[in-house]
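Working through the structure, step by step
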Amino acid sequence: MTPEKKVLFVKIGLGLIVASMLVGYTYVWVQWVDLEAARESALILNNYYRARHGSAPLTRNADLDMIAQMCALYYRDYVPGGSIDHSCPYWRSGYNFYFSEGIGECGGGSPTGSPEHLWTNIEIGEGNTWMLYKEIYNYNFSNFKTDLETHPRTVLHFTQVVWRESKYFGLGMTTYRSKKGIGMVATLFYYPSGNLITDDWAHFLMNVRPVLKDAPALEGWKKQY
Ligand SMILES: *[C@@H]1O[C@H](CO)[C@@H](O)[C@H](O)[C@H]1NC(C)=O
């Protein structure tokens, strides 16, 4: 091989490496932008709902985001139908390095809509937040002990969203194709965890406050919900 040819091959090789790095970085960047849209929109709506109850806004947390994303992928890959059965090990204290107290895990697993109208990432962030918060319709503030004792599963997402002592927020989400169409898994993480259960339910009285008198009336997130 002539020296000129050798130089040419090296140049082609370097060119290929640079091109594949660009493709790789762009791919990672696009994924990151997607997730960011879902996370920001979920955070804003969470804090809007919290404000209705006089709870301080949550703050984004990168470690929670990471654990949430690991769990979204876990539910997609290991739980039939991608349903959130809270079996993801990564968020439990003892399994994760960052958080010693419990993390509150809420999730939504549902179709992202018909193929003609796939949810955008903003809609995924907002839609999942609304699905948790709308359980307020099942919660009677004058009689919440009965609600918690008789139908906890229909109120405990709502109580986590507005829980006063929760400070940080993280979100993970992924979409996938299944036989039924396009599926979506979103996990919303809160720290410190809400829903602290004691015999007298006292923590709920402190942390889940009624809607403030001057709060704007609740409008559903979208007509179909
Ligand atoms: C909420 O509970 C109070 C006290 O038990 C009761 O009087 C009221 O009717 C309940 N409200 C609804 C909407 O069920």
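Residues numbered from 1 in each chain as written. Predicted model: local features only at pLDDT ≥ 70, side-chain atom pairs only at ≥ 80, totals over all residues.

Within an unreviewed UniProt entry, the label attached to the protein chain reads Golgi-associated plant pathogenesis-related protein 1, and the organism entered is Orchesella cincta.

Topic: the overall build of the protein chain
Scanning the protein chain for helices and strands turns up six helices and four strands. Taken against the 2.2 N^0.38 rule, which gives 17 Å for 225 residues, the C-alpha radius of gyration of the protein chain at 22 Å runs more than 25% over that of a compact globule. Over its C-alpha atoms, taken along the principal directions, the protein chain stretches across nearly 90 × 40 × 35 Å. (Helix = DSSP H or I, 4+ residues; strand = E, 2+ residues; numbered from the N terminus. Rg over C-alpha atoms; globule rule 2.2 N^0.38 Å.)

Focus: the nonpolar core
If you look at the biggest cluster of nonpolar residues, it comprises 44 residues, and the most contacted ones within it are Cys71, Phe158, Met173, Ala186 and Phe189. When near neighbours in sequence (up to four residues on either side) are disregarded, cysteine 71 contacts Cys88, Tyr90, Trp91, Gly172 and Thr187. (Core = buried A, V, L, I, M, F, W, Y, C linked by C-beta atoms within 7 Å. Buried ≥ 20, exposed ≤ 12 C-beta atoms within 10 Å, placed from the backbone. Contact = placed C-beta atoms within 7 Å.)

Describing the environment of glycine 172
Along the polypeptide, glycine 172 turns up in strand 3 (residues 168-178). When residues no more than four places from it in sequence are discounted, the contact partners of glycine 172 are Asp65, Ala68, Gln69, Met70, Cys71, Ala72 and Thr187.

Description of the pairing of strand 3
Examined bridge by bridge, strand 1 (residues 59-60) and strand 3 share two bridges and lie parallel to one another. In the strand pairing of strand 3, threonine 59 is matched with tyrosine 168. As judged from the eleven bridges shared by strand 3 and strand 4 (residues 181-191), these two strands associate in the antiparallel manner. Paired with methionine 173 across the bridge in strand 4 is alanine 186. What sits between strand 3 and strand 4 in their antiparallel hairpin is a turn of two residues. (Pairing = 2+ DSSP bridges.)

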